[in-house]
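# Examining the three-dimensional arrangement
The residues making up each chain are set out below.
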Amino acid sequence: MKSRYSIFSLMRNALSYHEKWPEAWRSPEPKSSYDVVIVGGGGHGLATAYYLAKIHGIRNVAVIERGWLGGGNTGRNTTIVRSNYLWDESAGLYEHAMKLWEGLSQELNYNVMFSQRGVMNLAHNQQDLRDIARRVNANRLNGIDSEFLTPHQVKDLVPIIDLRGNGRYPVLGASNQRRGGTARHDAVAWGYARRADEHGVDIIQECPVNGFEIENGKVTGVQTAKGLIKAKKVGVVVAGHSSVTAEMAGIRLPLVSHPLQALVSEPVKPVIDTVVMSNAIHAYISQSDKGELVIGAGVDKYVGYGQRGSLPVTEETLAAICELFPSLKRMRMMRQWGGIVDTCPDASPIISKTPVEGFFINCGWGTGGFKATPGSGWVFADTIANDRPHPLNEAFSLERFNSGYLVDEHGAAAVAH
Amino acid sequence: MLEIKCPYCGPRFETEFSYGGEAHIERPKDSENLSDEQWGEYVFMNSNTKGVFLERWVHTSGCRRWFNVARDTVSYQILAVYETGTKAPKLDLRKDV
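Here, residues in each chain are numbered from 1, in the same order as that chain's written sequence. As they are written, the chains are lettered A onward and the ligands numbered 1 onward, keeping that order. Two thresholds apply to this predicted model, a pLDDT of at least 70 for residue-level local features and 80 or more for giving and counting side-chain atom pairs, whereas whole-chain, interface and lining totals are computed over all residues. Computation of side-chain values: all heavy atoms of the structure, hydrogens and water removed.

## Examining the packing of helix α2 (residues 43-54) of chain A against helix α10 (residues 373-386) of chain A
All names here are of chain A. Here an angle of 0 to 180 degrees is reported between the N-to-C directions of two axes, which are lines fitted to C-alpha atoms, with helices fitted over the stretch in contact. Starting at the N terminus, helices and strands are each numbered in turn, a helix being any DSSP run of H or I of at least four residues and a strand any DSSP run of E of at least two. Taken N-terminus to C-terminus, the directions of α2 and α10 make an angle of 50 degrees; their axes are 7 Å apart at the nearest point. It follows from the interaxial angle that α2 and α10 lie oblique. For α2 against α10, the interelement crossing comes out right-handed. Facing G43, H44, A47, T48, Y51 and L52 of α2, the residues of α10 in contact are T373, P374, S376, G377, W378, F380, A381, I384 and A385. In what follows, roughly perpendicular refers to angles from 65 to 115 degrees, roughly parallel to angles under 35, roughly antiparallel to angles over 145, and oblique to any angle outside these ranges. Here a crossing is called left-handed whenever its near helix is offset anticlockwise from the far helix by less than a right angle, and right-handed whenever the offset is clockwise. What makes two residues a contact is simply this: any of their non-hydrogen atoms within 4.5 Å.

Structure, rendered in structure tokens:
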């Protein structure tokens with residue numbers, strides 16, 4: 001049992017100049033076989049392993065990661081958490097995640113810095129207004145806090161906004177979810193990793209997967225850079241590389257991988273204490289605790305596996321930010337980066353069994369997977385443990401692309417693709 | 001920023017073009033007899049290749065004509081541009097991506 005993180009452990013370790021903190025998780029060599037192997041050591045994969053061990057008592061689990069923990073989209077997103085999705089199916093899933101977020105720091109004994117500072121979606125034209133009003137009402141019927149804001153209420157919450165949008169992007173209203181906010185993305189991966197490890201999960205980093213062993217339509221193992229690892233069940237949660245990984249098992253997916261980029265500015269004094277998103281112009285902005293403005297952009301329109309974004313997308317986003325927030329015009333950007341997002345035709349995830357027995361897939365989160373991390377891991381663990389979808393993710397099966405029962409969330413997904 | 005060589009107008013920046021996704025997907029001929037799985041495969045599934053990918057582009061802000069491009073989706077290098085309706089030229093495929 002590891003020592004708990006607390007004010008006392010902090011003081012105790014301060015006396016030894018913070019040089020004697022125990023490791024947060026082990027780095028074991030893989031065993032020859034596991035009950036469940038999770039491919040992908042991002043937030044979703046680590047959360048899956050944690051809930052498998054904690055709720056379902058399956059502790060003979062390995063998480064295999066090609067690079068380092070949270071080095072993919074978990075560490076590249078803009079850290080926004082919200083649950084104001086339109087349809088009942090999505091509302092159930094994302095709101096379940098939101099409820100887990102609200103107790104996550106205590107649950108993990110790790111400060112994920114979840115800050116419910118509110119998330120606002122702007123409307124710039126009459127159609128945006130109608131869509132937002134519809135979504136606010138749908139949210140409230142599903143018991144999700146959501147409210148409609150007039151332009152003056154927007155201005156009260158975000159004084160630096162120019163409601164005229166320089167004439168180009170006038171702000172006609174907004175939806176607001178006050179329970180939404182931000183969380184420290186790395187801490188989410190590390191917190192889940194530490195607790196999963198505590199429950200006996202082996203976390204194996206720098207170990208790419210090269211293929212799967214499949215006998216008579218049933219998965220039996222994973223071929224990795226560290227040799228063959230036998231597995232009774234395999235869960236794949238690899239975001240941008242889902243198509244590539246599923247293809248190794250002969251499964252085709254309806255995904256398209258795009259680079260999605262974000263940038264941060266130089267740190268400044270507090271100017272914005274909420275999150276402002278604008279679906280129409282692919283720009284969203286919040287301020288980190290360090291004072292950097294965190295800005296999210298749109299996706300590159302073409303298929304791309306290069307973890308970088310193209311310049312025209314950056315320009316378009318920053319132009320929109322400058323018109324909405326004229327006082328930020330002379331800010332300098334410090335860093336820009338990209339992650340590969342696996343977009344799905346209906347902008348909803350796939351959390352599903354597959355034609356290969358014992359092979360489960362959790363993908364298609366596209367531009368908005370971070371907010372769902374705890375809920376995604378929770379339902380995926382339940383699906384793997386019981387070999388059937390949980391009611392919360394039943395609608396998000398791979399089968400829906402044959403039945404046509406899509407969960408169209410392009411409006412709520414906030415980044416068009 | 002990609003520089004795409006439109007076969008009709010010459011090299012232009014990517015901002016002049018729109019993307020059309022995977023090339024060479026044929027609409028099934030016997031459509032009234034297709035199963036739901038076959039329709040699902042045609043409408044939604046795609047190869048989403050990491051490596052050399054054959055894709056469609058249209059020169060929206062130029063000649064407005066469609067054409068095909070062979071592009072490496074990791075390095076973004078454009079290996080060939082060819083007309084719609086023709087087969088992809090033989091490419092020097094990199095196996096290491």
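## Comments concerning α2 of chain A
Residues and elements named next belong to chain A. Here, expected helix span is obtained from the residue count minus one, scaled by 1.5 Å. Over its 12 residues, α2 runs 16 Å from end to end, which matches the ideal 16 Å to within 8%, given 1.5 Å per residue. Think of it in three bands: with a 1.4 Å probe and only protein chains considered, a residue is buried below 20% of the maximum accessible area for its type, exposed above 50%, and partly exposed in between. Burial of α2 is extensive: 11 of the 12 residues sit out of reach of the surface. The set of residues buried in α2 consists of G43, H44, G45, L46, A47, T48, A49, Y50, Y51, L52 and A53.

## What to know about the pairing of strand β2 (residues 61-64) of chain A
All names here are of chain A. Burial along β2 is two-sided: the face carrying V61 and V63 and the face carrying A62 and I64 are both buried. The pairing of strand β1 (residues 33-39) with β2 spans 4 bridges and is classified as parallel. Following the sheet pairing, V39 is matched in β2 by I64. Handedness of a crossover is defined as follows: with both strands directed away from the viewer, a clockwise route from the first strand across the helix to the second makes it right-handed. Following the chain from β1 across α2 to the adjacent parallel β2, one finds a crossover that is right-handed. By definition, two strands form a pair when at least two bridges between them are found by DSSP. Across 3 bridges, the pairing between β2 and strand β8 (residues 202-204) is parallel. Residue pairing for β8: V63 is matched across the bridge by I203.

## Regarding the sheet that holds strand β4 (residues 52-58) of chain B
Residue and element names in this part refer to chain B. Ordered by their spatial adjacency, 4 strands build an open sheet running β3-β4-β5-β6, and the pairing between neighbours is antiparallel. Edge positions in the open sheet fall to β3 (18-22) and β6 (78-83), since each of these has one partner strand only. Adjacent strand axes in the sheet meet at a mean angle of 30 degrees, parallel and antiparallel pairs treated alike. Sheet topology places β4 next to strand β5 (residues 66-72); 7 bridges connect them, and they run antiparallel. In the sheet register, V58 faces β5, and the bridge partner there is W66.

## A short note on the pattern of salt bridges
Residue and element names in this part refer to chain A. In what follows, salt bridge is the name for a side-chain nitrogen of Lys or Arg lying within 4 Å of a carboxyl oxygen of Asp or Glu. Considering all chains together, one arrives at 23 salt bridges over all chains under this definition. Residues D162 and R164 are paired through a salt bridge, measuring 3.9 Å at the closest nitrogen-oxygen approach. Classification of D162 by relative accessible area gives buried; the value is 16%. Taken together, the shared-partner salt bridges in this structure form one network comprising E95, E102, D145 and R179.

## Looking at the interface of chain B and chain A
Frequently, the measure chosen for interface size is the accessible area that the parts lose on association. Across the contact, 25 residues belong to chain B and 25 residues belong to chain A. Here the quantity called buried area is the accessible surface, traced with a 1.4 Å probe, that two parts lose on coming together, added over both. Both faces considered, chain B and chain A share a buried interface measuring about 2,200 Å² in area, 53% of it formed by carbon and sulfur atoms. Taken together, the connections running from chain B to chain A amount to 1 salt bridge. Note that E41 of chain B is salt-bridged to R252 of chain A, the shortest N-O span being 2.8 Å. Any pair of N or O atoms that falls within 3.5 Å is considered a polar contact. Within protein, one atom must be able to donate a hydrogen and the other to accept it, and sequence-neighbouring residues count only if both atoms are side-chain atoms. At the junction of chain B with chain A, the criterion picks out 16 residue pairs in polar contact (both at pLDDT 80 or more). Of all elements in the fold, only β3, α1 (36-43) and β4 of chain B reach the threshold of two or more residues within the side of chain B that touches chain A. Of the residues forming the side of chain B that touches chain A, the biggest block, 4 residues, is contributed by α1 of chain B.

## Describing the environment of V74 of chain B
Residues and elements named next belong to chain B. Mapped onto the secondary structure, V74 falls in the loop between β5 and β6. Residue classification places V74 among the partly exposed positions, given a relative accessible area of 23%. Distance from V74 to K50, taken between C-alpha atoms, is 6.6 Å for residues 24 residues apart in sequence.

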